[in-house]
Amino acid sequence: MSMSLYYSATRATPLTDAESAAVERIVAAHQASFPYEYEESLYLYDRGAGEPDEIVAGATKLPTDFERVVPVLEYLLGSLSDLRRALPGAEWRVHLDDVDIPWDDSSGFVLPE
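Residues numbered from 1 in each chain as written. Predicted model: local features only at pLDDT ≥ 70, side-chain atom pairs only at ≥ 80, totals over all residues. Heavy atoms only, no water.

Structural notes on the overall build of the chain
Check the secondary structure of the chain and you find two helices and six strands. Along the chain direction, N to C, the helices and strands of the chain fall in the order β-α-β-α-β-β-β-β. Relative to its length of 113 residues, the chain is compact, with a C-alpha radius of gyration of 14 Å against a globular reference of 13 Å. Taken over the C-alpha atoms alone, the chain extends approximately 40 × 30 × 30 Å along its principal axes. In the chain, buried positions account for 39% of the 113 residues. (Helix = DSSP H or I, 4+ residues; strand = E, 2+ residues; numbered from the N terminus. Rg over C-alpha atoms; globule rule 2.2 N^0.38 Å. Buried < 20%, exposed > 50% of the residue type's maximum accessible area, 1.4 Å probe, protein only.)

Remarks on the pattern of salt bridges
The final tally for this structure, using the stated rule, is three salt bridges. A salt bridge links E19 to R11; the shortest N-O distance between them is 2.7 Å. Comparing E19 with R11, the two get one shared label, buried. One salt bridge in this structure joins E39 and R68, with 3.3 Å as the shortest N-O distance. Residue E39 is found in the loop between α1 (17-33) and β2 (54-61), and its partner R68 is found in helix α2 (residues 66-86); the two are separated by 29 residues along the sequence. On the basis of relative accessible area, R68 is assigned to the partly exposed category, the value being 28%. (Salt bridge = Lys/Arg side-chain N within 4 Å of Asp/Glu carboxyl O.)

Remarks on the packing of aromatic side chains
Going through the model one piece at a time under the given rule, you end up with five aromatic pairs. Relative to Y36, the ring of F34 has its centre 5.5 Å away and its plane inclined at 75°; by these criteria the two rings are edge-to-face. Residue classification places F34 among the buried residues on the basis of a relative accessible area of 13%. Look at Y43 and Y45: their rings are 5.8 Å apart centre to centre, the planes differ by 75°, and that puts the pair in the edge-to-face class. Classification of Y43 as partly exposed rests on a relative accessible area of 46%. (Phe/Tyr/Trp six-rings, centres within 6.5 Å; stacked < 30°, edge-to-face > 60°.)

Description of α1
Under the 1.5 Å per step criterion, the end-to-end length of α1 is 24 Å for 17 residues, consistent within 8% with the ideal 24 Å. Residues of α1 that are buried: E19, A22, V23, I26, V27 and H30. Angularly, the buried residues of α1 cover 125° about the axis, an arc narrow enough to put them on a single face. The exposed set on the far side of α1, more than 90 degrees from its buried face, consists of D17, A18, E24, R25 and A32. The elements touched by buried residues of α1 are α2. (Expected span 1.5 Å × (residues − 1). Arc of directions from axis to C-beta. Contact = heavy atoms within 4.5 Å.)

Okay, here's the thing in structure tokens:
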């Protein structure tokens, strides 16, 4: 069974040049340090997914090997937490298929218990 992590951020104002650069830095750092060579990594769509006010959007297909799902997911959630912190005022939605991933101000995006 295949699962995917979906993520998006909306905001009435577009990304500033500084925010766009921060997003690029965070994604590049994530991809450079992603320790799971044969798994999908953080993937952002060009210009969001075309939804109104969408400033960031993407998806990642998670591994089918259950032993690898949680480590990959935790790594991705850490990167998404960094992105959220870099984009103030954005409304985020992060979900694993139909399950929303909650935000915690101190921990970032965390797996529901």
